[in-house]
Amino acid sequence: AFVTIEPKKDNDPDPAVERIVTIKGSQDSQWRASYFIFEKLKQEGFAGNDDVRLKVAMKVPRSMVGRVIGKGGKNVRDIQRMTGAMIKLPEDQANQGEETIVETFGNFMATQSAMSRIRALISQTQQGPPTPVPPPPPQNRRGPSRNHQN
């Protein structure tokens, strides 16, 4: 994975100020890099006795946002319920360009699980509907023919 960390501003004395970390690479390498960052933050005590909470942003093609949201927000609610992550989409998607930023908030496993489910929704849509399987050919209900010769 290729990881970049936004530099800390010189005039900010707060060591826990939010900084942007960009991770590029395969899904597996992104997962491992995110995990190492999560563990480092935990070791350094950035969350005190609580679990480290992350904000993870993902770019989603604007044409897929409706699929992520689902009818009446069903997909977002289901993902939040199943993963424990909170999902936030921009209210005004018109200003987002070709891609929309979807943010998830939560502990490491919650955010990774939510992102995985979002990627699955997007890939289902991009692959198209499943190809229908043709019905099996009709079978002879009388059973096999028997030729009796006496």
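Along each chain, residues carry numbers from 1 onward, in the same order as the chain's sequence is written. Only residues with pLDDT of 70 or above have their local features reported here, since the model is predicted, and side-chain atom pairs are shown and tallied only from 80 upward, although totals for entire chains, interfaces and linings are computed over all residues. Only heavy atoms go into the side-chain values, all of them from the structure, while hydrogens and water stay out.

### As for the environment of T4
Secondary structure elements are defined from DSSP: runs of H or I of at least 4 residues count as helices, runs of E of at least 2 residues count as strands, and each element is numbered from the N terminus. Within the secondary structure layout, T4 lies in strand β1 (residues 2-5). For T4, a relative accessible area of 33% translates into the label partly exposed. The residues touching T4, leaving out its near neighbours within four places in the chain, are I20, V21 and T22. Here the term buried applies to any residue with accessible area under 20% of the maximum for its type, exposed to any over 50%, and partly exposed to those in between, with areas from a 1.4 Å probe on protein chains only. Here a residue-residue contact requires only that any non-hydrogen atoms of the pair lie within 4.5 Å.

### Thoughts on the layout of surface pockets
Empty space left among the atoms is revealed by rolling a probe the size of a water molecule over them. Cavities and pockets are defined on a 1 Å grid built over the protein atoms alone: a cavity is a set of grid points where a 1.4 Å probe fits but cannot escape, while a pocket is an open set with protein on both sides within 12 Å along at least five of seven lines, and lining residues are those with an atom within 4 Å of any such point. Grid points are joined across faces, edges and corners, and a volume is the space filled by probe spheres set on the points. In this model, the largest pocket occupies a volume close to 1,400 Å³. If you trace the largest pocket, you find 35 residues lining it, with R19, I20, V21, K55 and V56 closest to the centre. Of all the secondary-structure elements, those providing two or more residues to the lining of the largest pocket are β2 (21-24), α1 (27-43), β3 (54-61), β5 (99-106) and α4 (108-127). If you tally residues by element for the lining of the largest pocket, the top one is α1, at seven residues.

### Details of the pattern of salt bridges
In the sections that follow, a salt bridge refers to a side-chain nitrogen of Lys or Arg positioned within 4 Å of a carboxyl oxygen of Asp or Glu. Going through the model one piece at a time under the given rule, you end up with six salt bridges. One salt bridge in this structure joins E39 and K42, with 3.8 Å as the shortest N-O distance. Here E39 pairs with K42, and both are found in helix α1, just three residues apart, close to one helical turn. With a relative accessible area of 42%, K42 lands in the partly exposed category. E44 is paired through a salt bridge with K40; the nearest N and O atoms lie 3.0 Å apart. We classify E44 as partly exposed; its relative accessible area is 48%. Three or more residues are tied together by salt bridges with common partners; here these are K74, D78 and R81.

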